[in-house]
Amino acid sequence: METKFLKSVFNIKQLDQKTLPEVLLVGRSNVGKSSFINALLNRKNIARTSSTPGKTISLNYFQVDKGYFLVDAPGYGYARRSKAMQDEFLKLMNDYLSIPNRIDLVLLLVDFRIGPTNDDLVMLDYLLERKLNFHIILTKADKVKMSERVKKLRIINEKTYGLPHIITSAETKIGYNKVEELISNLTIGGQNEK
Ligand SMILES: Nc1nc2c(ncn2[C@@H]2O[C@H](COP(=O)(O)OP(=O)(O)OP(=O)(O)O)[C@@H](O)[C@H]2O)c(=O)[nH]1
Ligand SMILES: [Mg+2]
């Protein structure tokens, strides 16, 4: 199996039957989802770092050589999205997140510098309520000075109920080994051998 962009899904009816673990990325527009994918997959531009944020309402499937699908979701909290597109976004996400036993791991990306936004916290509560397996990923760590980290981490921990998180930077490539580890637990853990 080779790592490649597989397809965009606009409606969950277009989903193929589940064959491999699925890892979903969620986060606000501009949090760094595409950059995260490029860094994780060690590709310069497999997920285009967007110049037109929030434009497409689709789930983008990447097939990864290690035997799983990485799914890029549209960013939430994109202010210039029309009401119709916002509704489309909410429907697609809610439909997808509601499919039983479909998503093995959700990576909730939060901008380390900005900290959890209201939208991030709504998503966090949704994931908790739905009892989905998820992990918080802090992005853009290279933009947070060491001297600011303790304070920022305290606020992030308070807002996210002390849940664990992984600090990453697409610039310096820190943290991706830990993300790899989370994902390899899904693939090796026998989840995909049903
Ligand atoms: N310094 C720094 N900049 C980053 C990092 N990750 C992303 N960025 C920048 O942040 C901006 C947004 O990154 P994207 O990866 O396009 O964000 P996205 O979440 O995919 O955005 P949408 O597709 O619009 O939802 C770009 O200008 C990136 O270069 C990082 O780790 N460090
Ligand atoms: Mg993107």
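Before reading on, note that the structure itself is shown above.
Residues numbered from 1 in each chain as written. Chains lettered and ligands numbered in written order. Predicted model: local features only at pLDDT ≥ 70, side-chain atom pairs only at ≥ 80, totals over all residues. Heavy atoms only, no water.

**Some remarks on the pairing of strand E5 (residues 105-111)**
Rules: Remark: exposure states derive from per-residue accessible area (1.4 Å probe, protein chains only) relative to the maximum for the residue type, with buried under 20%, exposed over 50%, and partly exposed in between. The secondary structure listing takes helices from DSSP runs of H or I that are at least 4 residues long and strands from runs of E that are at least 2 residues long, numbered from the N terminus. Following DSSP output, two strands are said to pair if at least two bridges run between them.
The element E5 is extensively covered by neighbouring structure, given that seven of its seven residues are classed as buried. On E5, burial covers both faces: Leu105, Leu107, Leu109 and Asp111 on one face and Val106, Leu108 and Val110 on the other are all buried. Examined bridge by bridge, strand E2 (residues 22-27) and E5 share five bridges and lie parallel to one another. Counted as the bridge partner of Gly27 is Leu109 from E5.

**Focus on the sheet that holds E2**
Spelled out, the test is: Here an axis means a line fitted to C-alpha atoms, over the contact stretch when the element is a helix, while the angle between two N-to-C directions is reported on a 0 to 180 degree scale. Here, residues are in contact when the closest pair of their heavy atoms is within 4.5 Å.
An order of E1-E3-E4-E2-E5-E6-E7 is seen for the seven strands of this open sheet, with the pairing classed as mixed. Pairing within the sheet leaves two strands with one partner each, and these edge strands are strand E1 (4-9) and strand E7 (165-167). Strand-to-strand, the axes of this sheet are offset by a mean angle of 25 degrees, without reference to chain direction. When E2 meets strand E4 (residues 68-72), the two strands line up parallel, connected through four bridges. Bridged to Glu22 within E4 is Phe69. Running at roughly 160 degrees to E5, helix H3 (residues 118-129) makes contact with E2, E5 and strand E6 (134-139) of the sheet.

**Here we look at the packing of aromatic side chains**
Aromatic ring pairs are described here by two measures, namely the spacing of the ring centres and the angle between the planes. Going by this rule: Working definition: a ring pair exists when centres of Phe, Tyr or Trp rings (six-membered ring for Trp) sit within 6.5 Å. Plane angles under 30 degrees give stacked, over 60 give edge-to-face, the rest tilted.
Across all of its chains, the model carries three aromatic pairs by this definition. Seen from their ring centres, Phe5 and Phe62 are 5.3 Å apart, and the 65 degrees between their planes marks the pair as edge-to-face. Residue Phe5 is found in strand E1, and its partner Phe62 is found in strand E3 (residues 59-64); the two are separated by 57 residues along the sequence. When the centroid spacing of 5.8 Å and the interplanar angle of 65 degrees are considered together, the rings of Tyr61 and Phe69 count as edge-to-face. Each member of the pair Tyr61 and Phe69 is classed as buried.

**Some details on the pattern of salt bridges**
Which entries qualify depends on this criterion: Any Lys or Arg side-chain nitrogen found within 4 Å of a carboxyl oxygen on Asp or Glu counts as a salt bridge.
Applying the stated criterion across every chain yields a total of nine salt bridges. Asp104 is the partner of Lys18 in a salt bridge, and the nearest nitrogen-oxygen pair spans 2.5 Å. Here Lys18, found in the loop between E1 and E2, pairs with Asp104, found in the loop between helix H2 (83-97) and E5; they are 86 residues apart in sequence, far enough to count as distant. Across the pair Arg28 and Asp111 runs a salt bridge, and its minimum N-O distance is 3.9 Å. Highlighted residues: Arg28 in the loop between E2 and helix H1 (33-40) and Asp111 in strand E5, separated in sequence by 83 residues. Taken individually, Arg28 and Asp111 each receive the classification buried, so the pair is uniform in this respect. Shared partners join several salt bridges into a network, and the residues in it are Arg28, Asp111 and Lys140.

**Some thoughts on the nonpolar core**
This is how it is decided: To define a nonpolar core, start from buried Ala, Val, Leu, Ile, Met, Phe, Trp, Tyr and Cys residues and group those joined through side-chain atoms within 4.5 Å.
Counting residues in each nonpolar core, the largest one holds 34 residues, and the members touching the most others are Leu24, Val26, Leu59, Leu97 and Leu108. Contributions of two or more residues to this core are made by E2, E3, E4, H2, E5, H3, E6 and helix H4 (146-159). If one sorts the elements of this core by residue count, H2 sits on top with five residues. Apart from the residues within four sequence positions on either side, Leu108 is in contact with Val26, Tyr76, Asp120, Met123, Leu124, Leu127, His135, Ile136 and Ile137.

**Topic: the layout of surface pockets**
Heads up, the condition is: Residues are called lining when one of their atoms sits within 4 Å of a cavity or pocket point, these points coming from a 1 Å grid over the protein atoms alone, where a cavity is a set in which a 1.4 Å probe fits but cannot get out and a pocket is an open set with protein on both sides within 12 Å along at least five of seven lines. Grid points are joined across faces, edges and corners, and a volume is the space filled by probe spheres set on the points. Here the term charged refers only to Asp, Glu, Lys and Arg, the term nonpolar to Ala, Val, Leu, Ile, Met, Phe, Trp, Tyr, Cys and Pro, and the term polar to all other amino acids, Gly among them.
Counted as a void, the second largest pocket has a volume near 250 Å³. Lining the second largest pocket we find Tyr76, Gly77, Gln86, Phe89, Leu90, Met93, Asn94, Leu97, Asp119, Val122, Met123 and Tyr126. Those elements that place two or more of their residues in the lining of the second largest pocket are H2 and H3. The element best represented in the lining of the second largest pocket is H2, accounting for six residues. For the lining of the second largest pocket, a count of residues per class yields eight nonpolar, three polar and one charged.

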